[in-house]
Amino acid sequence: MTPEAIGIGYSPLLEKPKKVNSMASAMWIARAAGFLSLFLLTKALYEDQAGTYDWKQDNVGKVTHVHWESVGLSSTGKKLFVATERNTLASLNTHDGAIGWRQVAEEGTRGKIDTLLYNGNYIITVQAGGKFVRSWHSQTGNLHWEVYLSAEESMSAPASFLSKDKDAVLVATSNALYALRTSDGKTEWEANLPDSDTVHRWYLSLREDGDVVAVGTSPGVRVAVVIVGQDGKVKTQRRVPAQWVKNETSCQAVGEGFLCYTPDTASLQFLSVQDGQVFVPTAVSELGFSATAETCLEPVSTEAGAASQWVLLRISRQHMALLSASSKGVKVVRDLPKVEAADVAYDGENKVLLTVQRADPETVEFTGVDLTTMSEQIDVSQRISVMAVHGSIEKIFPMLFTRKKDSKLGAKVLMVAQDYSLHCAHKAGKSPWRREEALAYMVAVEMVDLPVSENEAKFEDEFGSSKDDILAMFVKRIKVQVLQLHMIVAVTAAGKVYGIRSHNGKIVWQHFFPDLAPFKGQGQEKLLLFVQRTTAHFPHSPQCAVLGVSKKTGNGLLFTINPVTGAMLKDTPLSGLDLGYKVIQAQLMNDLHDENFLKGIVLVDSDIKIHFFPTSMKSVVQPHSGTMYLHLTNPDVGTMNGYWLVAKGEDIVAEQVWNIDLQRSQQVITGIYGKRPIEHVHSQGRVLGDRSVLYKYLNPNLVVLIGEGEEASPKGPSGFFNLYLVDAVTGHMVFHEHHKRTRGPISIVHSENWVVYSFYSEKHRRCEMAVLELYEGKEQSNATAFSSLTPPPSPLVLRQSYIIPVSLFTMSSTVTEKGITNKNLIIALRVGGVLSLPKALLDPRRPSIPTQETAEEGTIPYIPELPVSTESFINYNRSIFNVRGIHTSPAGLESTSLVLVYGIDLFCTRVMPSKMFDVLKEDFDYFFIGTVLSLMILVSVVSQKLAARKALNRAWK
């Protein structure tokens, strides 16, 4: 939503980096380099300061594969080796959950871990559909060997050990089956697989005679069955019609067959891999169960080199069944009502089915059944503390072992909850540890000031009463200032919302909303977080709103929370407020609030109807309806539409006033970036060297729009992107830039009168950053307010580009309380560092040949390369990878800006772009000043006494 105002203008294309050839220029460059080196050296961190003003939390993500540490044939269970959805391989200590070592792969399908195998000394990962097979040292996490195979990254590649000796590993890619030696990764044999152009996924199983069975599903067509001998030769292959197979169909290899579940018919389809020509259906109702939307097949853990004898049927979230399947039919081995998760564990000849079910809101019950005698194993049964706030248990990874003291069976279990949290019970009678892995999926962040209770409303009381002495008043004031901290409110894609202390990273409160799902579009997930009321309006409590999509209905789902205490507010039900319509856009009304200082949220549904939350805000908006505008962008169609909010009777409706066609056939809209409403502009102009003022073009309604595409070139398809500066009130295109032979990802920072963006240059094969600055000129059209309906003349657009020697994830800019402090760019680099770069280095007015005027202005001479110094890394040696976003917030001090970097890890710190000009330095000589003050006080007291005595003596004369 955009308040009323506009501006127009156009400028030519962005300039390329300028070349410097003259001797004088070289001297200036040398001086500039020396200046920059001295400038950057002043940002060093003392060793004892590490971790004092910052904190970092390491995560791994939602666990998908687990192996317990073992020595020989026995399991020790001292370590856990896990692979996660965030493309992470890690070793966890089973006693406290601490990360021993961790390897983070690249984002996307290229780093996706499809299969994890373990043979004692080494861990083998199959990634990117089998394109990369890697072996890692289990104790150190170092890479042992790596093999590259021909594969499709989008597929999921199964893998298995060829025998119980674990001396070879089988990997099935999109078109071939490979047998690799586990010692060095060399290929022992390779067998081609049929239908590589249609198969969506392969399933592997081992027969008792040592043959390998590979079953591939081609959605909507058929299933291919291939039997390969131990020598790598294909023995038989056949195709079985299966038009009911879809991409989401759950299938598992079980015994001597292949079993699938089809939701359309609520039936199980069985195929004998030896000689089956058709699938034999068995309705779920025939087994005595009623299918639900959650019904699917889940795999059962197997011993190395052995085929699975059973398969799990999940009927609902709290009902499962263990099945066996053969040519004689599908049978229920054991019905598991109320069970949330189950798996089979092995220890020698013991085969135990372990199950988990909710016992009460605070604990879950862990039980075991011997699959040989079908008797309950009381020795492995126990109760574990898992709060209901984590949702149900989705998956368990148990380990069975024989106790040394009494030779009885024992069990350790790792549980993955619905909110992605990890819970490990490693010893009976001891509390399990927990890891909050939902923090690796943060999608929205806000920082809220903590209240000081009633003392904030009565500021003078913070200093104490008149009865207190000076020391008591001083102590009370210090305590109050210490309490004035920030609360980080974080929303995750898992539906988990956290309240986190900004100074130490500790979780204060948390909520899990199982029905909450993020908005999805352009390959991104988003949940919206709005701060409707801060802590500044005592006695009204602060309020935040979380907006997402309901998993049940697809409508908008909204929750309101007190960000300080985490209490759910009465404005919405505990299960969330289903809005009853699909939300396509929502925005906080920053300039309007009701009599309780609560800011409203305007929502737009799929029919372009306007709604408000709370509904009482409609009466507040009515008087301002003619001055409110909003814009909607549809990337699927390639259009951007502007609307005017007008009152018609008691309703507020949106009338379209402008439209921009962005040529969907040529490019795709990948991002829209506005200015942050909390930013303040301290100076409206820039003083030049001749003492004149260049006034900034401060259009609050200006948005940056990015469109990416490909175009033909003599050397093949070449990428490009367009950058548009559009006034969101009138739809006027203020500026347009076209970059050829470039590609993303493109990061944007839009603040005040400037835009900084980064991209990859295919022409020069490097990362570059460009800056645009908009100015009205040396005369200001309106010094009090900017109006889009009476715009100033076309702005002057200054631009420049720079080379950044490393690629980056994303970037943001610092923000302070009043906007007086200089701006710094916070850049998350792919090498793991977080760079704090002064905006002055990205000044488009940096001269190639400095003059006296530019020297007077303080402009740094132009150098194409931006300096990336490790001294400017605000995270020093605490590397952060796969960063999703950077959130900056003003602190209580004008000199300080708080920074939260989030991705797979969290890192929070403070930065001072203009140094701490409003705080005493850390090396301030307190002893000296204290001594001087004490002497002055002593002198004043003595002088007062002497003066009083002198006055008394004079009076007696």
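What you see is a predicted model; the values in this text were computed from it and never measured.

*Asks:* I'm lost on a nonpolar patch on the surface in this one. Help?
*Replies:* There is a patch of nonpolar side chains on the surface, built from Leu920, Phe924, Tyr926, Phe928, Ile929, Leu933 and Met936 and spanning about 710 Å² of accessible area. If you trace the backbone, Phe924 turns up in the loop between strand 67 (906-911) and helix 6 (926-956).

*Asks:* Can you help me understand the UniProt feature "transmembrane region" (unreviewed entry) in the protein in this one?
*Replies:* Sites flagged by UniProt as "transmembrane region" (unreviewed entry) map to residues 926-947. Annotated as residues 926-947, this span is 100% helix and 0% strand, and its ends, taken at the C-alpha atoms, are 31 Å apart.

*Asks:* Would you explain empty space enclosed by the protein in this entry?
*Replies:* Vacant regions in the atomic arrangement are exposed by a probe of water-molecule size rolled over the atoms. Enumeration over the complete set of coordinates arrives at one cavity of 30 Å³ or more. Its volume calculated, the largest cavity comes out at about 40 Å³. Lining of the largest cavity is provided by Thr814, Val815, Thr816, Gly819, Thr821, Asn822 and Lys823. Considering only residue class, the lining of the largest cavity consists of one nonpolar, five polar and one charged.

*Asks:* How should the nonpolar core be read in this particular structure?
*Replies:* Nonpolar side chains in soluble globular proteins tend to end up buried together. With 43 residues, the main nonpolar core has Met442, Ile488, Val497 and Leu900 as its most contacted residues. Mapped onto this core, the elements with two or more residues apiece are strand 35 (442-449), strand 36 (486-492), strand 37 (496-501), strand 42 (528-533), strand 43 (543-550), strand 44 (556-561), strand 66 (897-902) and strand 67. Residues Trp754, Leu825, Leu835 and Leu842 belong to the second largest nonpolar core, which totals 21 residues.

*Asks:* What's the story with the sheet that holds strand 14 (residues 187-192) in this structure? I'm lost.
*Replies:* Sheets are built from strands paired through backbone hydrogen bonds, the pairs being either parallel or antiparallel. In space, the four strands of this open sheet follow the order 11-12-13-14, with antiparallel pairing throughout. Each edge of the open sheet is held by one strand with a lone partner, namely strand 11 (159-161) and strand 14. Between one strand axis and the next, the sheet turns through 15 degrees on average, direction left out of account. Pairing geometry for strand 11 and strand 12 (residues 168-172), over three bridges, is antiparallel. Looking at the pairing, Ser160 lines up with Leu170 of strand 12.

*Asks:* Help me understand the confidence of the model for the protein in this model?
*Replies:* In regions of low pLDDT, the predicted coordinates are not meant to be interpreted in detail. Mean pLDDT for the protein: 86, with 90% of residues reaching 70 or above. Within the model, the stretch residues 1-42 combines pLDDT values under 50 with 136 contacts to residues more than four positions away or in other chains. Overall, residues 454-465 carries pLDDT values under 50, and its contacts beyond four positions in sequence, including any with other chains, amount to 23 contacts.

*Asks:* Would you mind showing me how to read the side chain of Thr896 here?
*Replies:* Along the chain, Thr896 turns up in the loop between strand 65 (885-890) and strand 66. Overall, the relative accessible area of 5% leaves Thr896 in the buried class. Separated by 3.4 Å, the side chains of Thr896 and Ser895 make a polar contact. If near-sequence neighbours (up to four positions away) are discounted, Thr896 is found in contact with Thr816, Pro890, Ala891, Arg910, Val911 and Met912.

*Asks:* Looking at this structure, how should I read the pairing of strand 59 (residues 754-761)?
*Replies:* Within a regular beta strand, the side chains point alternately toward one face of the sheet and then the other, so they alternate between its two faces. Counting buried positions along strand 59 gives seven out of eight residues, so the element sits mostly inside the fold. Both strand 58 (residues 742-751) and strand 59 contribute to a ladder of seven bridges, which runs antiparallel. Counterpart to Arg743 in the pairing with strand 59 is Tyr760. Linking two consecutive strands that pair antiparallel, namely strand 58 and strand 59, is a turn of two residues; a positive phi of about 45 degrees is found at Glu752 within it. Counted along the chain from strand 59 to the antiparallel partner strand 60 (residues 766-777), the turn is four residues long, and its residue Arg765 has a positive phi close to 55 degrees.

*Asks:* Any chance you could explain the packing of aromatic side chains here in plain terms?
*Replies:* The relative placement of two aromatic rings is captured by the distance of their centres and the angle of their planes. Under the defined criterion, the tally for this structure stands at 12 aromatic pairs. What links up through ring pairs into an aromatic cluster is the set Phe81, Trp101 and Tyr118. Its guanidinium or amino end placed over the ring of Tyr441, Arg86 lies 5.7 Å from that ring's centre, counting from NZ or CZ.

*Asks:* Even after reading the chapter, I still don't get the pattern of salt bridges, so can you show me in this structure?
*Replies:* Enumeration according to the criterion identifies 40 salt bridges in this entry. Taking the shortest distance from any N to any O, the salt bridge between Asp419 and Lys496 comes out at 2.6 Å. With Asp419 in the loop between strand 32 (409-417) and strand 33 (422-425) and Lys496 in strand 37, this pair connects stretches of sequence that are 77 residues apart. Here Asp419 and Lys496 have matching classes, each one buried. Of the charged contacts, one joins Glu856 and Arg691 as a salt bridge, the two residues approaching to 3.7 Å between their closest N and O atoms. A residue pair is termed long-range when its members are at least 10 positions apart, and Glu856 in helix 5 (residues 852-857) and Arg691 in the loop between strand 53 (685-687) and strand 54 (693-696) qualify at 165 residues.

*Asks:* How do you make sense of unusual backbone geometry when you look at a structure like this?
*Replies:* Glycine aside, negative phi is the norm for most residues, and most peptide bonds take the trans geometry. The omega torsion of the bond from Phe538 to Pro539 falls at 10 degrees, within 30 degrees of zero and hence cis. Following the sequence through the fold, Pro539 ends up in the loop between strand 42 and strand 43. Even without being a glycine, Tyr876 presents a positive backbone phi close to 35 degrees. For Tyr876, a relative accessible area of 21% corresponds to the partly exposed category.

Definitions and cut-offs
Sequence order as written defines residue numbering, which begins from 1 separately in each chain. Two thresholds apply to this predicted model, a pLDDT of at least 70 for residue-level local features and 80 or more for giving and counting side-chain atom pairs, whereas whole-chain, interface and lining totals are computed over all residues. In computing side-chain properties, one takes all heavy atoms of the structure into account and sets aside hydrogens as well as water. Exposure above 30% relative accessible area and the lack of any salt bridge qualify a residue for a patch; like charges then connect within 9 Å, and the nonpolar side chains Val, Leu, Ile, Met, Phe, Trp and Tyr within 5 Å. Here the Shrake-Rupley method, with its probe set to 1.4 Å, supplies the accessible areas, and only the displayed protein chains count as covering residues. Whenever Lys or Arg places a side-chain nitrogen within 4 Å of a carboxyl oxygen from Asp or Glu, that contact is recorded as a salt bridge. Numbering goes from the N terminus for both helices and strands, where a helix is a DSSP run of H or I of at least four residues and a strand is a run of E of at least two. UniProt positions are given in the numbering used here, feature names are shortened, and annotations may be inferred rather than shown by experiment. Only protein atoms enter the 1 Å grid used here, on which a cavity is any set of points holding a 1.4 Å probe that cannot leave and a pocket is any open set flanked by protein within 12 Å on both sides along at least five of seven lines; residues with an atom within 4 Å of a point are listed as lining. Grid points are joined across faces, edges and corners, and a volume is the space filled by probe spheres set on the points. Classification used: nonpolar for Ala, Val, Leu, Ile, Met, Phe, Trp, Tyr, Cys and Pro, charged for Asp, Glu, Lys and Arg, polar for all others including Gly. To form a nonpolar core, buried Ala, Val, Leu, Ile, Met, Phe, Trp, Tyr and Cys residues must be joined to one another through side-chain atoms within 4.5 Å. Burial classification: accessible surface area is computed with a 1.4 Å probe over protein chains only, and a residue below 20% of its type maximum counts as buried, one above 50% as exposed, and the rest as partly exposed. Two strands are counted as paired when DSSP detects at least two bridges linking them. All axes are obtained by fitting lines to C-alpha atoms, using only the stretch in contact for helices, and the reported angles, taken between N-to-C directions, cover 0 to 180 degrees. Values of pLDDT, ranging from 0 to 100, describe the predictor's confidence in every residue of the model. Note on definitions: a residue-residue contact is assigned when non-hydrogen atoms from the two residues lie within 4.5 Å. Within 3.5 Å is the distance limit for a polar contact, defined as a pair of N or O atoms, with the added protein rule that one can donate a hydrogen and the other accept it, and that residues adjacent in sequence qualify only through two side-chain atoms. Geometry of aromatic contacts follows a simple scheme: Phe, Tyr and Trp rings, the Trp one being its six-membered ring, pair when their centres are within 6.5 Å, and the pair is stacked under 30 degrees between planes, edge-to-face over 60, tilted otherwise. Placement of a positive charge over a ring is assigned whenever Lys NZ or Arg CZ falls within 6 Å of the ring centre and within 35 degrees of the normal to the ring plane.

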